[in-house]
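# Overview (structure and organization)
Listed below, chain by chain, are the residues.
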Amino acid sequence: MSIEVRHLRAFRALMQHGSTVAAAQALAISQPSVSRLLAELEAARRETLFDRANGRLVARAAAEMLLPEVEGLLSGMDALETNGAGGPPFVVAAPNGIVRRVFAPAIDRLLADHRDLRIAVEIMSYHETLNAVAMGRADVGLVKAPVEHPAVGASVLARVGTDVIMPADHPLASARRLDPFDVARFPLILLGRNRPFRVQLDQAFEQARLRPRIVVETQAVAAACELVARGIGVTIANALLARAEAGESLVTRPFDVPVDHAFCLIHPLRTTKKSLVQAFDAHVRTVVGEIVGASGGARAR
């Protein structure tokens, strides 16, 4: 069968919202319809995009690789559909984890204040987000510092430390803080091979003369946390997303290594949507404050 726009919209909604139920609500269709569209997409592509276990869907690497292509196609379609229908939407861009945990609640609050506003959400890497904002294809984005681009304005959103994420009943959960010696005793799920954060983590273990057992590597905090929830190991992430992903089954504890993370909200220096950017900035800061200020180990600086 051929792939239609409805298949791509269902796939994007599922990647954005993390479940077929939430995707169905966002698309105003039934949950079985989302599941059927996903199955048809997988059949058309002749590949499995999600692992299914215990009633949950976990995005595979194939899904993560497909998402930017789908976003590009749907962005073009959305632009055609909205042309002449009230002007272009307010475009926000960020990686999937930020969109799900930070932007989604901020968008909800922004729409409560601007009921006629149309918003387009673009899921991109930090590097892609910076380029999109610099080129004016996105009105606001969230990236990691430093931000160095002559066409982009940036404001520091939060400075956070690094946390270890583990099941609530894990032996490490009884500690207030953890160091490399504590963590190296357990299987690890680590993020972002060859990225600066991962290089810093590797150096921390090397300086302690430790060789931790890395059982899984991934590029997404949400994927790492799903594996943690299944008891495969513990993971280490920036405290913002660590706290955002934590809940009843997962807890976080500060990791005593000098690895900090600065997040910036960015916008084009020349923008006609300054008031919306400022309003969204305020809502995002409120959401981040709620996440970082929660108990369990995350800390703002």
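Residues numbered from 1 in each chain as written. Predicted model: local features only at pLDDT ≥ 70, side-chain atom pairs only at ≥ 80, totals over all residues. Heavy atoms only, no water.

### A word on the environment of F263
Within the secondary structure, F263 sits in strand β12 (residues 261–268). On a C-alpha basis, the gap between F263 and P146 in space is 8.6 Å, while along the polypeptide they are 117 residues apart. If we ignore the near neighbours within four places in the chain, the residues touching F263 are Y126, L142, V143, K144, S155, V156, L157, A158, V160, N238 and L240. (Helix = DSSP H or I, 4+ residues; strand = E, 2+ residues; numbered from the N terminus. Contact = heavy atoms within 4.5 Å.)

### Description of the environment of R101
Following the sequence through the fold, R101 ends up in helix α5 (residues 96–113). With 135 residues separating them along the chain, R101 and I236 place their C-alpha atoms 17 Å apart. Here R101 is in contact with A244, E245, V287 and I291, once residues within four sequence places are set aside. In terms of polar contacts, R101 uses its side chain to reach the side chain of E245, at 3.1 Å. (Polar contact = N/O pair within 3.5 Å; in protein donor to acceptor, adjacent residues only side chain to side chain.)

### With respect to helix α1 (residues 5–17)
The end-to-end C-alpha distance of α1, which contains 13 residues, comes to 18 Å, matching closely the 18 Å that a straight helix rising 1.5 Å per residue would cover. Among the 13 residues in α1, ten count as buried, and that is most of the element. For α1, every residue scored as buried is listed here: H7, L8, R9, A10, F11, R12, A13, L14, M15 and Q16. G18, located one to two residues past α1, shows a positive phi value of around 85°. (Expected span 1.5 Å × (residues − 1). Buried < 20%, exposed > 50% of the residue type's maximum accessible area, 1.4 Å probe, protein only.)

### Some details on the packing of aromatic side chains
A complete count under the given rule lists four aromatic pairs for this structure. Between F103 and F280, the aromatic rings sit 5.0 Å apart at their centres with planes inclined by 75°, giving edge-to-face as the arrangement. Remark: F280 occurs in helix α11 (residues 274–292) and F103 occurs in helix α5; sequence separation between them is 177 residues. Accessibility classification places F103 together with F280 in one group, the buried group. Among the aromatic side chains, those forming a connected cluster through ring pairs are F90, F103 and F280. Across the ring face of F197, the terminal group of K144 is positioned such that the distance to the ring centre comes to 5.6 Å. (Phe/Tyr/Trp six-rings, centres within 6.5 Å; stacked < 30°, edge-to-face > 60°. Lys NZ or Arg CZ within 6 Å of the ring centre and 35° of its normal.)

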